[in-house]
Amino acid sequence: MEPARGLRPMLARPAHVKLDVDVDDDVALRLFKIRTAYTSRQRTAANVLVERRYSWRGYDAPRLQQDGDLDRITLVASAEDTTIGTLTIGFGGASALFVEELFPDEVQDLRDSGRSICEFTKLAMDDALGSKRVLASLFHVAYIYAYRVKGFDCVLIEVNPRHVRYYEKILGFRVMGPKRTNRRVNAPAVLMGLDFAHTEEQIGKFGGQPGLSATERSLYPFSFSVDEEAGIVGRLKGVADPSGYRH
């Protein structure tokens, strides 16, 4: 099987880049797609999933923008017509990063140290239809776009304190800010960060080798291989940046 056989990036309209990645889930024996949510229908489907998963945990659900936001890109994973996962990348151009609302000093310290920062927000996975392969692929495409294409070297996330160990284990995030109350979702949050150089190293070791998951407990064995990633990068870099945004 060929996990990244169908990346077809195109310009949908001047404000957006459209990408489409076909991924084979060998365990679930199905094909799913990862796309940018550039239409109202796609954003609505992502919103429904975010609201359902956040409400189940007792959180207030943040909504995706319904118009074009050049500083954010939302990815959706779908099997046939069902949205099974979503994740939003924030670049912090004209608008501030969401994490700056709660952790302004920590973010500024990183910038002062020369780091180029983006954020991943609004992660939601369908509990019944999602899988490690889906989550790893969503994260990998987000990493490719943020790191390989846009040139960011660090990503920040806000997570519930109960989930800190999970993100440390599966992706290598580390705590960078204390527990505070996130009023957007009415829940406690901890700031975590990940150096993309670590991600690059782990993909080099484990990417595209799901058989290693028996001993390697991170998500990286379920990510694309180095060769598959290179193909995705090449195709994405062939698409001009229509926003003109430079970080």
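Owing to the predicted nature of the structure, the values given are computational and were not obtained by experimental measurement.

Even without glycine at this site, Glu80 takes up a positive phi of about 60°. Residue position: Glu80 is located in the loop between β5 (72-79) and β6 (82-90). The backbone of Lys122 shows a phi angle near 50°, a positive value even though the residue is not glycine. Relative to the elements of secondary structure, Lys122 occurs in strand β7 (residues 117-125).

Right, let's get into empty space enclosed by the protein. Applying the stated criterion to the full structure yields one cavity of 30 Å³ or more. In this structure, the largest cavity occupies an estimated 40 Å³ of space. Top element by residues in the lining of the largest cavity is helix α4 (residues 132-149). It accounts for three residues.

Moving on, we come to the pairing of strand β8 (residues 154-159). With six of six residues buried, β8 lies mostly within the body of the structure. In β8, alternate side chains face the same way, and those of Cys154, Leu156 and Glu158 on one face and Val155, Ile157 and Val159 on the other are all buried. Where β7 meets β8, three bridges bridge the pair, whose relative direction is parallel. Pairing of Glu119 across the sheet is with Leu156, part of β8. With six bridges connecting them, β8 and strand β10 (residues 187-195) associate as antiparallel partners. Pairing of Glu158 across the sheet is with Leu191, part of β10.

Applying the stated criterion to the full structure yields nine aromatic pairs. Measuring from centroid to centroid gives 6.0 Å for Phe91 and Tyr145, while their planes differ by 50°, and the two rings are tilted. Taken as a pair, Phe91 in the loop between β6 and α2 (99-102) and Tyr145 in helix α4 lie far apart in primary sequence, 54 residues in all. The same class applies to Phe91 as to Tyr145, namely buried. Measuring from centroid to centroid gives 5.6 Å for Phe91 and Phe152, while their planes differ by 25°, and the two rings are stacked. With Phe91 in the loop between β6 and α2 and Phe152 in the loop between α4 and β8, this residue pair connects regions lying 61 residues apart in the sequence. Judged by relative accessible area, Phe91 falls into the buried class, the value being 3%. Grouped by ring-pair contacts, the aromatic residues Phe120, Phe139, Tyr143, Tyr147 and Phe196 constitute a single cluster.

Each full turn of the α-helix corresponds to 3.6 residues, which orients residues three or four apart in the same direction. Here α4 is 18 residues long and its end C-alpha atoms lie 24 Å apart, about the 26 Å a rise of 1.5 Å per residue gives. Taking burial as the measure, the 18 residues of α4 include 14 buried ones, the bulk of the element. Note on α4: the residue one or two positions beyond its end, Gly151, has a positive phi of about 90°.

Okay, the nonpolar core next. Ile34, Ile89, Phe120 and Phe173 are the most contacted members of the largest nonpolar core, which totals 49 residues. Counting residues per element, this core draws most heavily on α4, at 11 residues. In this structure, Phe120 is in contact with Leu87, Thr88, Ile89, Phe139, Ala142, Tyr143, Ala146, Val155, Leu156, Ile157 and Phe196, ignoring residues within four places of it in sequence. Of all hydrophobic cores here, the second largest spans 11 residues; its members include Leu97, Leu102, Cys154 and Leu156.

What follows concerns the side chain of Thr83. Its location among the elements puts Thr83 in strand β6. Once you skip the residues sitting within four places of it in the chain, Thr83 turns out to touch Ala45, Leu49, Val76, Ala77, Ser78 and Asp126.

Calculation rules
- Residues numbered from 1 in each chain as written.
- Predicted model: local features only at pLDDT ≥ 70, side-chain atom pairs only at ≥ 80, totals over all residues.
- Heavy atoms only, no water.
- Helix = DSSP H or I, 4+ residues; strand = E, 2+ residues; numbered from the N terminus.
- 1 Å grid on protein atoms, 1.4 Å probe; cavity = no way out; pocket = protein on both sides within 12 Å on 5 of 7 lines; lining within 4 Å.
- Points joined across faces, edges and corners; volume = space filled by probe spheres on them.
- Buried < 20%, exposed > 50% of the residue type's maximum accessible area, 1.4 Å probe, protein only.
- Pairing = 2+ DSSP bridges.
- Phe/Tyr/Trp six-rings, centres within 6.5 Å; stacked < 30°, edge-to-face > 60°.
- Expected span 1.5 Å × (residues − 1).
- Core = buried A, V, L, I, M, F, W, Y, C linked by side-chain atoms within 4.5 Å.
- Contact = heavy atoms within 4.5 Å.

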